[in-house]
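An overview of the molecular structure
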Amino acid sequence: MMIASVLRHPAAPKYMARSASAQTMTVFNELSEQVPELFPAKGGPSPKAEVSTLSNGIRVVSLDDGSHVASVGAFVEAGSRHEVCSVEGAAHMLKHLGFKATTKRSALRLYRDMEDAGITSSTTSDREHVVYRADCLRDNALTALTVIGETMTQPYFPIYELLETRSMVNHDHSEQQNNGHALVDELVHATAYGRRSALGVTDVSNGQTVAGVDADALRNYQSNTFTGGRIVVAATGVDHNTLVQSAEDIFSSIAAGEGGATATPAYTGGHAVVSAATDACHVAIALDTGTGGFKSKSETQILSSLALETMLGGGVSSSNARLSTSVTEDRFGSGSGASAFGSTYADAGLVGVFGTASGSEVDSLVKTLCKELKNASASSPKAAEVSRAKNQLKASVALNLSTRGGVLSDLGTQVLSTGTVQTPEELFAKIDALTGSDIQSAATLALKSKPTVVAVGNVDNVPSYSAVEAMLK
């Protein structure tokens, strides 16, 4: 329709009305001669994030992108790593108890009030954080913030909600046990750091574990973790000054300080195998990055470790990644494959490789995985590999920041970890500055740690721990 209207427009250039009988000129000739050279537009300046601190130590960060839709969230350093045995599973319980009954409103009343205001909500938890999030039209952003403050500071925890939540926790645990990748990830952390230590405690508890977590235990857990120094309020599509003023009132009851002590994770490495009735075997080999995590501010080391992961076959990977070319179905059978993975926390980090093969081929698979880890340390990668790894790492960052939720998460976690917000342009410049030697050094540093070796499935032919250690030397 638009093309037709252009052709009929009286101001259309005369050459557009040439006779179709003219055979000496084709449409391609006309395009090359008549259309001016075009240049891509330059991106405009990104909106700048602003950070303020409330009287009780809560940090408030916002980025007003002018959007009609606002996202508001509270990020709390209250994930499963902050639990002790007496409250193990509390973070997972809080995930399902978010935006439920409060001392001011029943769960139904709260839900209807949010519905009337066009607010959608969610609560998530992981090893480090519990996050309360609400999305709505810009005009209702402060109402959403009020709801978040209410569910955080005035929860009711009636017995019927606790019973329902325990059932939901048990369901989550059952789903995890049936997910090979999720199960391996949990085993990697429990083996690398110890089942009862920081980062080793699971963030997906079972119904039996949370059976003793009652309302008093949850309130005690919140009093130890929901403190000013451990909370960041983040928002997009909201005026910063207005957000700060409202947050000062809404979160005034939150105590200042850092709350209970946070245990420092101690990486140990180790070996764990879980037999399952299947012909396939999933294997993971993880190493300590040695970066000290985000709060260490060892940016070059952290980015080098992430680039190493990408080069091996993690993130926005490609068929040219090292593991993709070395572990193929032609070599290890149908359903086989391999990739790299990594996890960076406030004070620790893991990098590793994961592979799947039939039980009869798992010995060869482990040898190949170890070989690729050693090769990454033995020599500096080629220029093409370095360029590809850096571009894919930047693509992963850009992909995350392409959504409103990704931007909100980035704001909250950056301020929790470093107290500041780094723009994408600043981060991309630091990634571009990485060299092949940086990536090689990341692999060398990781290989100095004892390996964490985990296998799930047909584990009869999995090499011994000492054999894997020898392969990596």
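The rules behind the values
- Residues numbered from 1 in each chain as written.
- Predicted model: local features only at pLDDT ≥ 70, side-chain atom pairs only at ≥ 80, totals over all residues.
- Heavy atoms only, no water.
- Helix = DSSP H or I, 4+ residues; strand = E, 2+ residues; numbered from the N terminus.
- Expected span 1.5 Å × (residues − 1).
- Buried < 20%, exposed > 50% of the residue type's maximum accessible area, 1.4 Å probe, protein only.
- Arc of directions from axis to C-beta.
- Contact = heavy atoms within 4.5 Å.
- Axes fitted to C-alpha atoms, helices over the stretch in contact; angles between N-to-C directions.
- Parallel < 35°, antiparallel > 145°, perpendicular 65-115°, else oblique.
- Left-handed = near helix turned anticlockwise from the far one by under 90°.
- Pairing = 2+ DSSP bridges.
- Patch = residues over 30% accessible without salt bridge, like charges linked within 9 Å, V, L, I, M, F, W, Y side chains within 5 Å.
- Areas by Shrake-Rupley, 256 points an atom, 1.4 Å probe, with all protein chains shown as cover.
- Salt bridge = Lys/Arg side-chain N within 4 Å of Asp/Glu carboxyl O.
- pLDDT = per-residue confidence, 0-100.

It is worth spelling out helix H6 (residues 159–177) at this point. For H6, with 19 residues, the first-to-last C-alpha span of 27 Å sits near the 27 Å given by 1.5 Å per residue. Every buried residue belonging to H6 is among Glu 161, Leu 162, Thr 165, Arg 166, Val 169, Asp 172, His 173 and Gln 176, and all of these are buried. Taken end-on, H6 shows its buried residues confined to a sector of 140°, consistent with a single buried face. Residues of H6 that are exposed and angled more than 90 degrees away from the buried face: Tyr 160 and Leu 163. Those residues of H6 hidden inside the fold are in contact with helix H3 (90–97), helix H4 (107–116), helix H7 (180–193) and helix H8 (215–225).

Relative orientation of the contacting elements H3 and H6 amounts to 115°, with a least axis distance of 9 Å. In terms of their interaxial angle, H3 and H6 are classed as roughly perpendicular. Along this stretch, H3 crosses H6, giving a crossing that reads as right-handed. Judged by residue contacts, His 92, Met 93, Lys 95, His 96 and Leu 97 of H3 engage Glu 161, Leu 162, Thr 165, Arg 166, Met 168, Val 169 and Asp 172 from H6.

What follows concerns the sheet that holds strand S4 (residues 120–125). The strand order S1-S2-S6-S3-S5-S4 describes an open sheet built from 6 strands, whose pairing is mixed. Strand pairing shows two members of the sheet lacking a second neighbour, strand S1 (50–53) and S4, which therefore form its edges. Taken pair by pair, the neighbouring strands of this sheet meet at an average axis angle of 15°, ignoring direction. Packed onto the sheet, helix H15 (residues 404–418) meets S1, strand S2 (59–63), strand S3 (69–76), strand S5 (130–137) and strand S6 (231–236) and runs at close to 150° relative to S6.

Turning to the environment of Leu 183, a few remarks are in order. Position of Leu 183 among the secondary structure elements: in helix H7. Taking relative accessible area as the criterion, Leu 183 reaches 14% and is therefore assigned buried. On a C-alpha basis, the gap between Leu 183 and Val 456 in space is 8.3 Å, while along the polypeptide they are 273 residues apart.

A cluster of nonpolar side chains, contributed by Ile 159, Tyr 160 and Leu 163, occupies part of the molecular surface with about 340 Å² of accessible area. Its relative accessible area of 53% is what places Ile 159 among the exposed residues.

Attention now goes to the pattern of salt bridges. Tallied over the full model, the rule gives 19 salt bridges. For the salt bridge of Arg 81 with Glu 128, the shortest nitrogen-to-oxygen distance reads 3.2 Å. Taken together, the positions of Arg 81 in the loop between S3 and H3 and Glu 128 in the loop between S4 and S5 put the pair 47 residues apart, joining distant regions of the chain. When sorted by exposure, Arg 81 lands in the same class as Glu 128, which is buried. Measuring nitrogen to oxygen at the nearest pair gives 3.2 Å for the salt bridge that ties Arg 109 to Asp 113. Here Arg 109 pairs with Asp 113, and both are found in helix H4, just 4 residues apart, close to one helical turn. Arg 109 gets classed as partly exposed once you look at its relative accessible area, which sits at 39%. Overall, the relative accessible area of 26% leaves Asp 113 in the partly exposed class. The network of salt bridges with common partners includes Arg 105, Arg 109, Asp 113 and Glu 150.

Quick look at unusual backbone geometry now. The backbone of Phe 99 sits at a positive phi, close to 60°, despite the residue not being glycine. Structurally, Phe 99 is set in the loop between H3 and H4.

With that settled, the discussion passes to the environment of Gln 392. Mapping Gln 392 onto the fold places it in helix H14 (residues 383–400). Since its relative accessible area comes to 11%, Gln 392 is described here as buried. A sequence separation of 77 residues divides Gln 392 from Gly 315, and the C-alpha atoms of the two residues are 7.4 Å apart.

Our focus in this paragraph is the sheet that holds strand S8 (residues 280–288). Ordered in space as S7-S11-S8-S10-S9, the 5 strands form an open sheet in which the pairing is mixed. Since the sheet does not close on itself, it has two edges, and those belong to strand S7 (270–275) and strand S9 (337–344), each with one partner. Within this sheet the neighbouring strands show an average axis-to-axis angle of 15°, counted without direction. Along the sheet face, helix H10 (residues 299–312) touches S9 and strand S10 (349–358) and points at about 165° away from the line of S9.

Glancing now at the confidence of the model for the protein chain. Per-chain confidence: the protein chain averages 89 in pLDDT, with 89% of residues scoring 70 or above. Taken as a whole, residues 1–25 scores under 50 in pLDDT and shows 10 contacts with residues more than four places along the chain or in a different chain.

Look at helix H13 (residues 362–378): 24 Å from first C-alpha to last across 17 residues, which is about the 24 Å you get at 1.5 Å a residue. Along H13, the residues that are buried comprise Val 362, Leu 365, Val 366, Thr 368, Leu 369, Cys 370, Glu 372, Leu 373, Ala 376 and Ser 377.

Judged by how many residues are buried, S2 sits mostly within the fold: 5 of 5 residues are covered. Alternating positions in S2 separate into two faces, Arg 59, Val 61 and Leu 63 on one and Val 60 and Ser 62 on the other, with burial throughout. Across 4 bridges, S1 lies against S2 in antiparallel orientation. For Thr 53, the partnering residue across the bridge sits in S2 and is Arg 59. When S2 meets S6, the two strands line up parallel, connected through 5 bridges. Of the residues in S6, the one forming a bridge with Arg 59 is Val 232.

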